[in-house]
Amino acid sequence: MKVLVIIPCYNEEESIVETVNSLKGQKVDYVVINDGSTDHSLKVLKDHNINYIHLDNNLGIGGVMQTGYQYALKNHYDVAIQFDGDGQHDASYIHKLIEPIKKKEANLVIGSRFIGTDSQFKSTITRRIGINTLSFLYKVITGKRIKDMTSGFRAADKSIIEIFAFHYPYEYPEPITNLYVSNMKIKEIPVKMKKREHGKSSITPLKSIYYMVNVILYFFIIVLSRKDDYNA
Amino acid sequence: MPNSLKIFLIISILIFIIHVIQNVKTNHLSVRNCIIWLIMSLAIIISVFQIDTLAKIADFLGIKTVANLFFFLGFIFLIFVSFDVLRTQSLQNKKIIKLTQELALLRKEIENDKKHQ
């Protein structure tokens with residue numbers, strides 16, 4: 001089974017080498033997508049001979065991930081894993097993430113902070129309230145439950161790779177992607193997530209609130225306009 | 001409307017029209033996008049000579065003065081224009097994303113081919 005780890009990278013000069021090194025021994029291919037970083041990320045990628053794709057414009061996480069899925073599709077990968085470049089995700093969980101796809105139990109596997117006791121770091125209270133609200137909305141719309149709606153640690157099988165390569169909802173916030181493919185089999189497994197070690201999170205409390213309002217609004221827009229894309 | 005104001009409006013509009021055409025000539029504005037501004041300019045010039053008609057329209061809409069009608073119509077016009085600009089910008093944004101992705105993937109493919117040669 002050909003597995004590709006897609007690592008979005010925006011101004012991660014301090015952590016990207018460590019993140020890539022953490023994948024050693026996992027028997028997976030990887031590609032770093034440099035999202036028009038304004039720091040020295042590109043130089044770091046070149047100097048360390050890291051496999052990367054450079055985007056000239058900053059496309060945001062959606063545009064980056066779609067590029068990754070397009071790369072996965074072009075190179076005939078069976079599984080594509082989204083893996084943060086800031087060192088928050090633990091590479092030792094990659095094989096657990098792939099397992100349900102291997103067994104054909106799921107098309108999309110989400111690494112969750114809120115299942116089991118693997119993850120000590122479960123984000124701030126305000127963000128958890130937001131995530132729970134999204135989870136509740138998702139349940140109302142699809143009848144299914146995803147506890148960690150904002151998790152960026154996900155494994156997609158070939159059918160999802162194909163959907164995301166052509167129709168990634170990059171205009172929408174990331175949790176919407178789960179809604180987009182909610183007619184497929186989605187499974188959550190417990191994973192360990194760490195606090196970001198280097199760099200600064202771009203999410204301020206005010207941005208978090210704005211983001212939440214946005215996501216909720218997008219949920220309703222999708223429900224009203226694209227009934228084919230989810231199991232209502 | 002006093003004649004001095006009429007003359008001022010007409011001169012302003014004529015300068016604006018010349019400015020629009022100049023922008024089209026230097027390729028800073030597309031013909032498609034200039035048309036709406038030329039139509040608007042023409043509408044203002046005609047309105048200057050048709051104050052009575054405008055007064056009737058204002059009266060019909062319950063607007064007390066012609067000046068207020070001007071502001072009202074200008075406001076509606078600007079809303080339409082900004083919506084159109086936003087729509088165009090959204091479409092262009094999608095195209096830029098697609099182009100950026102294709103360029104990046106092609107560059108990667110060329111790099112890989114060079115490595116394998």
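This report concerns the structure included in the present document. (Residues numbered from 1 in each chain as written. Chains lettered and ligands numbered in written order. Predicted model: local features only at pLDDT ≥ 70, side-chain atom pairs only at ≥ 80, totals over all residues. Heavy atoms only, no water.)

Looking now at the interface of chain A and chain B. The interface of chain A with chain B comprises 16 residues on the first partner and 12 residues on the second. Here chain A meets chain B over a buried area of about 1,400 Å², counting both sides, of which 54% is carbon and sulfur. Its largest share of buried area at the contact with chain B, chain A owes to L59, K74 and Y170 of chain A, together 31% of the area lost on that side. The tally of links between chain A and chain B comes to 2 salt bridges. Put simply, K74 of chain A and E109 of chain B hold a salt bridge, and the shortest N to O gap is 2.9 Å. Those elements that provide at least two residues to the side of chain A that touches chain B are β3 (52–55) and α3 (60–74) of chain A. The element contributing the most residues to the side of chain A that touches chain B is α3 of chain A, with 6 residues. Classifying every residue of the side of chain A that touches chain B by side-chain character gives 6 nonpolar, 7 polar and 3 charged. (Contact = heavy atoms within 4.5 Å. Buried area = accessible area lost by both parts, 1.4 Å probe. Salt bridge = Lys/Arg side-chain N within 4 Å of Asp/Glu carboxyl O. Helix = DSSP H or I, 4+ residues; strand = E, 2+ residues; numbered from the N terminus. Nonpolar A, V, L, I, M, F, W, Y, C, P; charged D, E, K, R; others polar.)

Our next topic: unusual backbone geometry. Residue and element names in this part refer to chain A. For N11, which is not glycine, the phi torsion reads 50° and is therefore positive. With respect to the element layout, N11 can be found in the loop between β1 (3–9) and α1 (16–21). The backbone of N49 sits at a positive phi, close to 55°, despite the residue not being glycine. Relative to the helices and strands, N49 resides in the loop between α2 (41–47) and β3. Accessibility expressed as a relative area gives 66% for N49, which makes it exposed. (Buried < 20%, exposed > 50% of the residue type's maximum accessible area, 1.4 Å probe, protein only.)

Turning our attention to the pattern of salt bridges. Counted according to the given criterion, the structure contains 8 salt bridges over all chains. Here E105 of chain A and K187 of chain A are joined by a salt bridge, their closest N and O atoms 3.0 Å apart. Taken together, the residues E105 of chain A in the loop between α4 (94–102) and β5 (108–112) and K187 of chain A in strand β7 (residues 186–190) connect sequence positions 82 residues apart. We classify E105 of chain A as partly exposed; its relative accessible area is 38%. Overall, the relative accessible area of 32% leaves K187 of chain A in the partly exposed class. A salt bridge links R87 of chain B to D84 of chain B; its shortest N-O distance comes to 3.8 Å. Taken together, the residues R87 of chain B and D84 of chain B, both in helix α4 (residues 66–116) and 3 residues apart, mark about one turn of the helix.

With that settled, consider the packing of α3 of chain A against α4 of chain B. Contact pair α3 of chain A / α4 of chain B: the axes reach a minimum separation of 10 Å and the direction vectors enclose 40°. One way to sum up the angle between α3 of chain A and α4 of chain B is to call them oblique. Where α3 of chain A crosses over α4 of chain B, the two elements pack in a sense that is right-handed. Here G63, Q66, T67, Q70, Y71 and K74 of chain A of α3 of chain A come into contact with α4 of chain B, specifically with Q101, L105, K108, E109 and N112 of chain B. (Axes fitted to C-alpha atoms, helices over the stretch in contact; angles between N-to-C directions. Parallel < 35°, antiparallel > 145°, perpendicular 65-115°, else oblique. Left-handed = near helix turned anticlockwise from the far one by under 90°.)

Our focus in this paragraph is the pairing of strand β6 (residues 154–157) of chain A. In summary, the side chains of a regular strand alternate between the two faces of the sheet. All names here are of chain A. Every second residue of β6 is oriented toward a common face, with R154 and A156 on one face and A155 and D157 on the other, all of them buried. Strand direction decides the pairing type here: strand β4 (residues 79–82) and β6, joined by 4 bridges, are antiparallel. In the sheet register, I81 faces β6, and the bridge partner there is A155. Where β5 meets β6, 3 bridges bridge the pair, whose relative direction is antiparallel. Each bridged residue has a counterpart across the sheet, and for L108 the counterpart in β6 is A156. (Pairing = 2+ DSSP bridges.)

Residue and element names in this part refer to chain A. What the 7 strands build is an open sheet, ordered β3-β2-β1-β4-β6-β5-β7; its pairing is mixed. Edge positions in the sheet fall to β3 and β7, since each has one partner strand and no second. Averaged over neighbouring strand pairs, the angle between their axes works out to 20° when direction is ignored. For strand β2 (residues 29–35) and β3, the ladder comprises 4 bridges, and the chain directions are parallel. Residue pairing in the sheet places I33 in a bridge with I53 of β3. The strands touched by helix α6 (residues 158–167) are β4, β5 and β6; relative to β6, the strand with the most contacts, the crossing angle is about 95°.

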